[in-house]
Structures are given as C-alpha cells and as structure tokens.
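The primary structure of each chain is shown beneath.
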Amino acid sequence: MSEIQWGRVMSRRGLKNGCRSRNFSLADLAEIKQTNQEENVYMEMDASGQLTARGGPARAARLARLAPAPPHASALLCLERGPAPNSPDDLRLCLRLTTDAPPLHELLLWFDEHTLAHLNMPFLTLRNITGKKNYACHNCDAEFEQPNPLKIHMFLSCRKFEPDAFWKQCISQLRSSVTTSTTISPLGPSLVSPLSSTLRLGSVPPPATPIADPAQLEALAAAWGRSRDGHICVYCGKLYSRKYGLKIHIRTHTGYKPLRCRHCLRAFGDPSNLNKHVRLHAAADTSRTGDAGALTHACALCHKPLARRRDLLRHLRAHHPQQLSSLPETGETAYAEIR
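Bear in mind that the values here come from a model prediction, so they are computed numbers and not experimental data.

### Thoughts on the nonpolar core
In summary, soluble globular proteins display a tendency toward joint burial of nonpolar side chains. Among the nonpolar cores identified, the biggest contains 48 residues, and Leu29, Met43, Leu77, Leu109, Phe111, Phe166 and Trp167 are the most heavily contacted of them. Excluding residues within four positions of it along the chain, Phe111 makes contact with Leu76, Leu77, Leu116, Leu119, Met121, Phe166, Trp167 and Cys170.

Rendered as structure tokens:
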C-alpha cells in the first residue's frame, strides 16, 4: 500500500502530541490533486499554535502516506462532531497528532474512530486474522502483513490501491454519510454482519441489533478476540497474552473511560494512567500543606511535575537531550532527584 503513495509529509521541526490543524472542509479535501510523486510536504506550528503546511492541512492529508497499522499512525484525520451541515461539502475536518514528532519525522496518516465509522471502513474479524503478521481477505484471499492495507483493500472492494481512487471513495462515502443516521455505534456500521458468520461454537452470540453500551461492546470485542494464540484485537490485530491487556487496549479504539479521578472526576480508560494522575493531585496538596512525605518528582530544567522517577527520566531524555548530553554520566540521575 504505502510503497505507491505519492510524496511524504514530514515535520519541519519538533511537534507535540495533540497538536491540531485548523478546520478545513470536505470540499477543500476534494480539490487537492496529487501531481508530483517526488514532492514532500513539511508541517510546522503557526503563530497561533496550529499545525500548518504549504497548501494547507487538506493538502497534507491527501499527500500523506497511510499508516500500515493504527499504532503506527502519527497523525489522524478527524471529522468534527456536531449537527449535519446543510451541504455535504461543508463537513469540517482537521489533522491531529497522536505522538511527539521529532524534526524531519515522517507523519503517517490514519483516521480517528468517528471518521472510520462515517467512512464505513471495514473491521477485521477472526476470519481475516490468520497469524501475528498474516491478514487475509475473506473475499479474494489476498494476503497482507499489516491490518490497514487489508482494511483499505476491502474498502475498495478488492481493487488495486491507488491514492486518488482511494480518496475519491473516501470523499464520496463522507458525503453520503450526511444523509444517513447521525447516531453511529463506536464500532461502526459494519459491527454485526462480518462477525456473525465467524463465531466459534461456544463463543458469545452476535447481538440482534447494534449495541450502544460501551461496557457491553468491550466485553463482546474481548470475547470475539479469543484465539488459540492469545487474545486478538478485532480493530487492529494486535495480540495479547492476557484478556485484561486486550480489554484495556480496546478502550483506545472505543474511547471508553469508565474510571474517574476522585479529586476532579476526570475520566480514564487505563488504571495505570489514573494512578499517575492521582499522584499529581497528591503532589499538589503537598505543595500547599508542606508535607515532605509525599513530594513529587519535578524537572529541574522546566519545573514540570511528574508522578514517578521513571516518568521524569523519560521526560528528560525526550525533552532535554542536549542538556543531558553535556553532563557527566551521573548528571541524569542528579536531575531525577526528588524535589
């Protein structure tokens, strides 16, 4: 798939996880033409802190190579939520980074879950996942090493991948989604039918209607992912040795966050992230009360508080590598002392 994409989209300077572009319309995306196979597009932050590129973010989206698997995506094309516009071409989209990007790093593109649902992008099921790096089309038996090329292959009805043809179909599907129901299941419109014919004897039966309860969706997805090799994510094919690991991973696809911070009620999907967050509350209380028994770790260079020493070490290596390189071998440890 990615070998025949045109051009590359790169970060000109370092970019932070969570950065977004300005909104652009579906009409803007449709107007972009891929005319130069050798041209690279460079993204950077503008004065207002938004992602920008020559020709605009819509052009960057059209020219970016597609990520071979969801975890490999460094940027997502996101469809803005809200009431359906009067015209399909007025649908609003944006680009959002999902990871820190160092300078001159290629940004691989995929779609967020909301956009995937509107695209009616196929989901992989157990009949498509035949091994750790073996994904097969149940219609034509074509095989792929990564999950996203197979999803695109099925999205294109087993036709050869061509960037212009792919985007033309994406735009057509998004336009048609405006006239359909605005309430979409987190697992997308194709949840029931692909899986219903592949369930094994003794496994959970498919629901008669789409399910809106995220806890029930999580339980079903975890049950459907059970295999002899372990537990497989039906979204991206990632394999886990324990059902619990798969359950937490599924929440990154569905956005289900059943855990709440008792201090501020912020929602979390991963218990470890909640625990780190709670430690920061404890650190803030310490700074007000002067209790030295619950001090947090803080970066001596930028004063950012972190919950654990290993989080601080990771922060130093990621954000202050030049300062650390000029210190003796013990310098990193010295900066990681509790403050």
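Next comes the rest of the write-up.
### Side note on the environment of Asp164
The topology assignment puts Asp164 in helix 5 (residues 163-177). In this structure Asp164 comes out as partly exposed when scored by relative accessible area, which is 34%.

### Remarks on the side chain of Ser25
Note on placement: Ser25 falls in strand 2 (residues 24-25). Judged by relative accessible area, which is 7%, Ser25 ranks as buried. Ignoring anything within four residues of it in the chain, the contact list for Ser25 reads Asp89, Leu91, Arg92 and Leu93.

### Quick look at the confidence of the model for the chain
For the chain, the average pLDDT comes to 78, and 76% of its residues sit at 70 or higher. Confidence drops under a pLDDT of 50 for residues 181-212, and excluding neighbours within four residues, the segment shows 51 contacts in the predicted structure.

### Considering the packing of aromatic side chains
By the definition in use, this model includes 6 aromatic pairs. Taken together, a centroid distance of 5.5 Å and an interplanar angle of 75 degrees make the contact between Phe166 and Trp167 edge-to-face. Since its relative accessible area comes to 1%, Trp167 is described here as buried. Following the ring pairs from residue to residue traces out a cluster consisting of Trp110, Phe111, Phe155, Phe161, Phe166 and Trp167.

### Looking at the state of the cysteines
With the rule as written, the count across this model stands at 0 disulfides. Free cysteine: Cys158, not disulfide-bonded; nearest cysteine sulfur from Cys137 at 3.8 Å. Of the cysteine sulfurs around Cys299, a residue in no disulfide, the closest is that of Cys302, at 3.7 Å.

### A few points about the pattern of salt bridges
Following the criterion strictly, the structure yields 8 salt bridges and no others. With its nearest N and O atoms 2.9 Å apart, the salt bridge here joins Glu80 to Arg20. Of this pair, Glu80 sits in the loop between strand 5 (75-79) and strand 6 (92-97) while Arg20 is found in the loop between strand 1 (8-11) and strand 2, placing the two residues 60 residues apart along the sequence. On the basis of relative accessible area, Arg20 is assigned to the partly exposed category, the value being 34%. Residue Asp89 is joined to Arg175 by a salt bridge in which the shortest nitrogen-to-oxygen separation is 2.8 Å.

### So, the pairing of strand 5
Among the 5 residues of strand 5, 5 are classified as buried, and the element is accordingly described as predominantly covered. Of the two faces of strand 5, the one carrying Ala75, Leu77 and Leu79 and the one carrying Leu76 and Cys78 are both buried. As paired strands, strand 5 and strand 6 are joined by 5 bridges and run antiparallel to one another. Bridge pairing links Ala75 to Leu97 in strand 6. Relative to strand 7 (residues 109-111), strand 5 is paired through 3 bridges, and the arrangement is parallel. Looking across to strand 7, one finds that Leu76 is bridged to Trp110.

### Here's the deal with the sheet that holds strand 3 (residues 40-45)
The sheet built from 3 strands is open, its strands ordered 1-3-4 with mixed pairing. Taken across any chain shown, the strands that pair with only one partner, and hence form the sheet edges, are strand 1 and strand 4 (51-53). For this sheet the average axis-to-axis angle between neighbouring strands, irrespective of direction, equals 30 degrees. Relative to strand 3, strand 1 runs parallel, the two being bridged by 4 bridges. Residue pairing in the sheet places Val9 in a bridge with Val41 of strand 3.

### Re helix 5
Helix length check: helix 5, at 15 residues, gives a terminal C-alpha distance of 21 Å against a target of 21 Å (1.5 Å per residue), a fit within 8%. All of the buried residues along helix 5 are Pro163, Phe166, Trp167, Cys170, Ile171, Leu174 and Ser177. The buried side chains of helix 5 occupy one side of the element, clustering within an arc of 130 degrees when seen end-on.

Reading guide: rules and limits
Residues numbered from 1 in each chain as written. Predicted model: local features only at pLDDT ≥ 70, side-chain atom pairs only at ≥ 80, totals over all residues. Heavy atoms only, no water. Core = buried A, V, L, I, M, F, W, Y, C linked by side-chain atoms within 4.5 Å. Buried < 20%, exposed > 50% of the residue type's maximum accessible area, 1.4 Å probe, protein only. Contact = heavy atoms within 4.5 Å. Helix = DSSP H or I, 4+ residues; strand = E, 2+ residues; numbered from the N terminus. pLDDT = per-residue confidence, 0-100. Phe/Tyr/Trp six-rings, centres within 6.5 Å; stacked < 30°, edge-to-face > 60°. Disulfide = S-S within 2.5 Å. Salt bridge = Lys/Arg side-chain N within 4 Å of Asp/Glu carboxyl O. Pairing = 2+ DSSP bridges. Axes fitted to C-alpha atoms, helices over the stretch in contact; angles between N-to-C directions. Expected span 1.5 Å × (residues − 1). Arc of directions from axis to C-beta.

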